[in-house]
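Read off the chains here:
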Amino acid sequence: MKALLAAATIAALLLLGACNEPPTDVGNALVYDTTHARQLSSDNLQLIVATSAVSTPSYLFNAGVLFIGRTPDLHAATLLRFTTLPDTLGWVGSQDILGAKLLLRPHRYVIGDSVANVLAFTVHELVRPWITADTAGKVVIEPRWYDLFSTDGVPSPQYFDPTPLAVFDGTQKIPLADSLGDIEVPLTADGLQRVVRWLQKMPDSAQRVTIYGIGFVPSATSTVVREFETQTVGSPFGALVRLRIYYRRRDGATDSVLVFSGNDATFVHATAPANGTLPVQSVVRSDVAMTLDLSSLPPLDAVLNAQLAIATDTTQRLAGNSGIPTTLELAYIDSTTNRQFGFVGGQVAGSSRFVFPNIGPLVDYLRQRKQGRGTVLFRSRNFRLERLVLYGADAPDSLRPRLVITYIPRPNAPR
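Residues numbered from 1 in each chain as written. Predicted model: local features only at pLDDT ≥ 70, side-chain atom pairs only at ≥ 80, totals over all residues. Heavy atoms only, no water.

Along its length, the protein carries five helices and 25 strands. In terms of overall size, the protein is more extended than a compact globule, its C-alpha atoms giving a radius of gyration of 32 Å where 415 residues would be expected to give roughly 22 Å. Principal axes of the C-alpha set define a box for the protein whose edges measure 120 × 70 × 40 Å. For the protein, the proportion of its 415 residues judged to be buried stands at 47%. Excluding contacts between residues fewer than 6 apart, the proportion of contacts in the protein whose partners are at least 24 apart in sequence is 82%. Accessible area of the protein: about 20700 Å², with a carbon and sulfur share of 53%. (Helix = DSSP H or I, 4+ residues; strand = E, 2+ residues; numbered from the N terminus. Rg over C-alpha atoms; globule rule 2.2 N^0.38 Å. Buried < 20%, exposed > 50% of the residue type's maximum accessible area, 1.4 Å probe, protein only. Contact = heavy atoms within 4.5 Å. Areas by Shrake-Rupley, 256 points an atom, 1.4 Å probe, with all protein chains shown as cover.)

This is how it looks when you write it as structure tokens:
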């Protein structure tokens, strides 16, 4: 018992001795306190090398909404095809068609001169395929805006039959209301003859594939672009564009058939801002590229914050009746590693500037993996047609983008 007590006493004394050892270097501070923080600013260093506009002609496909109309800054056209034309009316002749009308469900959204509120368009038969499938069965939309229209918005005869099958002339004003019923667009006499040809083609599988659909072409008298309802892929919700056909049955009775659209694609063209500033616009797919050079940042120092501010030109922006976007996206994609970064900047209240509070993780990545160089994209976070216009690297000092990086030296790091 005495031996056990002696052993415990010796162990306790050894532990007390160990606790009294002087501290090792591991206990030293890993970074200096913030009084040692330093900054790099694009005000006096070329951290922002260049900015440029990036346009990717695109379309909306079965997106739940479609756009038709025209303003001085925007042209919006929609192509669609009907997928429920009956194959049991191939016997119908011109004398059997009593009438037909298109039905479209408008939304409240409008962009352009909503005081005049004039929407005018013509509807044309399409004379060639615009939607196909690749070898894997994936949908392929073939044309882009510049394939469909000339620079002043004239429809190309390669896609559109020149004679309209229906006309919405703008005399009927679509109200700006939250809940709206269908607008009706009667087919012309020529349009009725085309319907007859479609019905006659349907029983023949080789002929029915030559029914390519119709296109809604905005007229120059339009002052607005309007949004209409459709369905997203795989969704049963939403009012499709419909075609109501009235005909006389073989027994002489009057009947009708309602035909639904199955695919739709909207194409939008936007004019560039007049003063050379840089547009960011969603459906149009206008982005802004910014090239960064962060090689002046010490390679081993710790980045505490990297704030990016960018000014916008409010005289060139386009706003619909849902307002102007108050947020902006900044994206970086490293295609070699599939690494992505995304940041959201917000508009400063009472200002035309957008601020990204901290893009520090991207700064670190570029410094560590890309020698401090890389190109980021500013993108719209809006799903409609509003446009923000950014000032670029060539703007006057007070308007050009500004990047401020706050960093702190790590102790004992090589200088």
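Counting buried residues in strand S6 (residues 97-104) gives seven out of eight residues, a clear majority hidden from the surface. Bridge count between S6 and strand S15 (residues 242-248): six bridges; the pairing is antiparallel. In the sheet register, Leu103 faces S15, and the bridge partner there is Arg242. (Pairing = 2+ DSSP bridges.)

This part takes up the environment of Leu126. Following the sequence through the fold, Leu126 ends up in the loop between strand S8 (121-125) and strand S9 (131-133). Classification of Leu126 by relative accessible area gives buried; the value is 1%. Through-space distance from the C-alpha of Leu126 to that of Phe160 is 4.8 Å; in sequence the pair is 34 residues apart. Sequence-distant contacts of Leu126, defined by excluding residues within four places in its chain, comprise Leu79, Leu80, Tyr159, Phe160, Tyr212, Gly213, Ile214 and Gly215.

The backbone of Asn338 shows a phi angle near 60 degrees, a positive value even though the residue is not glycine. By secondary structure assignment, the location of Asn338 is in the loop between strand S20 (327-334) and strand S21 (339-347). The exposure class assigned to Asn338 is exposed, which follows from its relative accessible area of 58%. With a phi close to 55 degrees, Gln371 is a non-glycine residue in the positive phi region. Structurally, Gln371 can be placed in the loop between helix H5 (360-369) and strand S23 (373-379). The class of Gln371 is exposed, set by a relative accessible area of 59%.

Let us look at the environment of Gly153. Of note, Gly153 is situated in the loop between helix H2 (145-148) and strand S11 (166-168). When its relative accessible area of 10% is taken as the criterion, Gly153 is described as buried. Sequence separation of Gly153 and His269 is 116 residues, and the distance between their C-alpha atoms is 8.9 Å.

Among the residues of H5, Gly360, Leu362, Val363, Tyr365, Leu366 and Arg367 are the ones counted as buried. Contacts made by the buried residues of H5 are with strand S18 (286-293), strand S19 (302-311), S20, S21, S23 and strand S25 (402-408). Backbone geometry just after H5 places Gln371 at a positive phi near 55 degrees.

This brings us to the pattern of salt bridges. A side chain of one charge can pair with a side chain of the opposite charge when the charged atoms of the two come close. Under the definition given, this model contains 15 salt bridges. Here Glu125 ties to Arg194 by a salt bridge, and the two come within 2.7 Å at their closest N and O atoms. Note that Glu125 is positioned in strand S8 and Arg194 in helix H3 (residues 189-201), a separation of 69 residues in sequence. In this structure Glu125 comes out as buried when scored by relative accessible area, which is 11%. (Salt bridge = Lys/Arg side-chain N within 4 Å of Asp/Glu carboxyl O.)

This part takes up the side chain of Glu229. Its place among the elements puts Glu229 in strand S14 (residues 224-232). A distance of 2.6 Å separates a polar side-chain atom of Glu229 from the backbone nitrogen of Ala239. If sequence neighbours within four positions are ignored, Glu229 has contacts with Gly64, Arg105, His107, Gly238 and Ala239. (Polar contact = N/O pair within 3.5 Å; in protein donor to acceptor, adjacent residues only side chain to side chain.)

Under the counting rule described, the total for this entry stands at twelve aromatic pairs. Considering the side-chain rings of Phe341 and Tyr365, the 5.1 Å spacing of their centres and the 55 degrees angle between planes classify their relative orientation as tilted. Residue Phe341 is found in strand S21, and its partner Tyr365 is found in helix H5; the two are separated by 24 residues along the sequence. The burial state of Phe341 is the same as that of Tyr365; both residues are buried. Taken together, a centroid distance of 5.8 Å and an interplanar angle of 55 degrees make the contact between Phe356 and Phe378 tilted. One end of the pair, Phe356, is in strand S22 (residues 353-356); the other, Phe378, is in strand S23, with 22 residues separating them in the sequence. For Phe356, a relative accessible area of 1% translates into the label buried. A relative accessible area of 0% means that Phe378 is categorised as buried. Three or more aromatic residues joined by ring pairs form one cluster here, namely Phe121, Phe168 and Phe216. (Phe/Tyr/Trp six-rings, centres within 6.5 Å; stacked < 30°, edge-to-face > 60°.)

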